[in-house]
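# Chains, contacts and geometry: an overview
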Amino acid sequence: MKLAIVLAVCIHITTALHRIPLIKARTIRHQLRQNNELEEFWVHHQSHVFAQKYSQCFPDSLSFAAGSTAEYLFDYMNAQYYGKISLGNPPQNFNVVFDTGSSNFWIPSAFCISEACRVHKQFQSFSSTSYQHGGKTFSIHYGTGQLVGITGKDTLQIGNLTIVGQDFGQSVVEPGRTFVLAQFDGVLGLGYPSLAVANAVPVFDQIMKQHLVNKPIFSFHLNKDDNFEYGGELILGGIDSSLYKGPIHWIPLTDKSYWQIRLDNIKVHGKVAFCPDGCEAIVDSGTSLITGPSDDIKKLQKLIGATPLVFGEYTIDCSHISNLPTVTFTIGKRDYTISPEQYVLKEHRQKSVQCLSGFQPMDLATKSGQLWILGDIFMSKFYSIFDRENDRVGLAKSCKRKHKIPL
């Protein structure tokens, strides 16, 4: 008999957890770069160009004027991990990004008129016996565009969890090419209700309200290693102690919208280089990179020997990776260090390998000041726990889970 053997560095396995396997895919940005289309994309998707080109797609009530939703969400150019859900009765299956940096759940509608919807799975509300029409129009702004849709409610299935009457959005307009190349269909936000548009109740809030998990906690274990089929896991309802080693360190939230925490400082090669008096950061599963204010990231790229390309990207000499400095985020007086092997992204082209910096500028101004984003590069090093009961984030050193292919 052929057996698949799963080996873990740690021993104890926690039961009664709801596990959602994650798939690791090429990002939209990577695909555009591979097709030599990234520069052309950015020319047409700068905010002012995009607004002018597609303004006729949106009603006046959902104009591109800066509004309350404009600061909520980031683009998904660098989203890399997604998982499967189903919606409606009978179930319709979709791939979604499980995103701690937003709070709305949306998928393409069968009535969507955009190319992005035609190349993805579309929700057929008329085929679901449990669908309830919401009747509200919603709009979500991204750094590279905007989508508009209508609201509804239906039965959502995540793993073995069934959430009845879940609020969700159905996109009817996704202009531009932002989502055309995406390998996911939609986004499932795991942030706090204050981030949600159209008064939608976020998915995990419904899970808590319907008492579907033993503990109001979810956690991510992400795998960055390209050699393994295992992309990672989203675990709903608790913590799997086989996926980390050492203690969990808990960090209180400074704001209950994003999963926002306080950074004591940021060190490069052991010396404080940024945030000497502290700054704010969010732990965000919806982006694969680590981002920060433009001026700081420009200085950081220089410190790690990166050379600027276009549109905020930086390249690194692949032969120098072992000599690059570490970057350390000090949180709650504890150091969380990222090695150059972890923050340098290797992209394989036809006969060559290009090394890119995993740091990117993003000026995200909030009432707390400019935010840093600790994305999947950070989360793949540290098992990340999101505790809604105590409004805190837990971090522990990830174990490497290895899957052996069946013989």
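Residues numbered from 1 in each chain as written. Predicted model: local features only at pLDDT ≥ 70, side-chain atom pairs only at ≥ 80, totals over all residues. Heavy atoms only, no water.

### Some details on the sheet that holds strand E13 (residues 244–252)
Strand pairing within a sheet occurs via backbone hydrogen bonds; the two strands may be parallel or antiparallel. The antiparallel open sheet is built from six strands, whose spatial order is E2-E12-E11-E29-E30-E13. Where the open sheet ends on each side, the last strands, each with one partner, are strand E2 (18–21) and E13. On average, each strand axis in the sheet is inclined to that of its neighbour by 20 degrees, with strand direction left out of account. (Pairing = 2+ DSSP bridges. Helix = DSSP H or I, 4+ residues; strand = E, 2+ residues; numbered from the N terminus. Axes fitted to C-alpha atoms, helices over the stretch in contact; angles between N-to-C directions.)

### Remarks on the nonpolar core
Of all hydrophobic cores here, the largest spans 70 residues; its most connected members are Phe98, Phe329 and Trp372. Those residues in contact with phenylalanine 98, other than ones at most four positions away along the chain, are Ile20, Leu22, Gly83, Lys84, Ile85, Ile158, Leu188, Leu190, Phe220, Leu234 and Ser285. Val97, Phe138, Ala182 and Val187 belong to the second-largest nonpolar core, a separate cluster that totals 18 residues. (Core = buried A, V, L, I, M, F, W, Y, C linked by side-chain atoms within 4.5 Å. Buried < 20%, exposed > 50% of the residue type's maximum accessible area, 1.4 Å probe, protein only. Contact = heavy atoms within 4.5 Å.)

### Re the pattern of salt bridges
Any two side chains of opposite charge can pair, so long as their charged atoms come close to each other. Taken as a whole and assessed by the stated rule, the structure comprises nine salt bridges. Its salt-bridge partner being lysine 153, residue aspartate 167 comes within 2.5 Å of it at the nearest N-O pair. One end of the pair, aspartate 167, is in strand E9 (residues 161–173); the other, lysine 153, is in strand E8 (residues 145–158), with 14 residues separating them in the sequence. One salt bridge connects aspartate 205 with arginine 388, and the closest N-O pair in it is separated by 2.8 Å. With aspartate 205 in helix H5 (residues 203–209) and arginine 388 in the loop between strand E29 (382–387) and strand E30 (392–398), the pair connects residues that are 183 residues apart, well separated along the chain. (Salt bridge = Lys/Arg side-chain N within 4 Å of Asp/Glu carboxyl O.)

### A few points about the pairing of strand E4 (residues 81–87)
Within E4, six of the seven residues are buried, leaving the element largely enclosed by the surrounding structure. In terms of strand pairing, strand E3 (residues 23–24) meets E4 through two bridges, oriented antiparallel. Bridged to isoleucine 23 within E4 is tyrosine 82. Summarising the sheet, E4 and strand E5 (residues 92–99) pair through five bridges and their orientation is antiparallel.

### Details of the environment of arginine 401
Considering the arrangement of structural elements, one finds arginine 401 in the loop between E30 and strand E31 (402–403). Of the residues examined, arginine 401 reaches a relative accessible area of 12% and is grouped as buried. Along the sequence, arginine 401 and glycine 232 sit 169 residues apart, while their C-alpha atoms lie 8.9 Å from each other.

### Looking at the sheet that holds strand E22 (residues 327–331)
Judged by pairing direction, the sheet is antiparallel, and its four strands sit side by side in the order E17-E16-E22-E23 without closing on themselves. Taken across any chain shown, the strands that pair with only one partner, and hence form the sheet edges, are strand E17 (271–274) and strand E23 (334–338). Going across the sheet, the axis of each strand differs from the next one's by a mean of 35 degrees, ignoring polarity. Judged from the three bridges that link them, strand E16 (residues 265–268) and E17 form a sheet pairing that is antiparallel. When the bridges of E17 are listed, valine 268 appears paired with lysine 271.

### Here we look at the state of the cysteines
Evaluated as defined, the whole model comprises three disulfides. Between cysteine 112 and cysteine 117 runs a disulfide, and the two sulfur atoms are separated by 2.1 Å. Given an S-S torsion of about 65 degrees, the disulfide between cysteine 112 and cysteine 117 has right-handed geometry. Here the two residues cysteine 112 and cysteine 117 agree in accessibility, since each one is buried. Bridging cysteine 275 to cysteine 279, the disulfide has an S-S length of 2.0 Å. The sign of the S-S torsion, about 90 degrees, decides the handedness of the disulfide formed by cysteine 275 and cysteine 279: right-handed. (Disulfide = S-S within 2.5 Å.)

### A closer look at the environment of asparagine 323
As for its placement among the helices and strands, asparagine 323 is situated in the loop between strand E21 (314–316) and E22. Residues asparagine 323 and glycine 305, 18 residues apart in the sequence, show an inter-C-alpha distance of 10.0 Å.

### Section: the packing of aromatic side chains
Tallied over the entire structure, the rule returns 23 aromatic pairs. Aromatic pair phenylalanine 218 and phenylalanine 386: ring centres 5.1 Å apart, planes at 15 degrees, arrangement stacked. Residue phenylalanine 218 is found in strand E11 (residues 217–222), and its partner phenylalanine 386 is found in strand E29; the two are separated by 168 residues along the sequence. For the pair phenylalanine 218 and phenylalanine 386, a shared accessibility class is recorded, and that class is buried. Both rings, one in phenylalanine 378 and one in phenylalanine 382, keep their centres 5.0 Å apart while their planes meet at 45 degrees; by these two values the pair is tilted. Across this residue pair, the class does not change: phenylalanine 378 and phenylalanine 382 are buried. (Phe/Tyr/Trp six-rings, centres within 6.5 Å; stacked < 30°, edge-to-face > 60°.)

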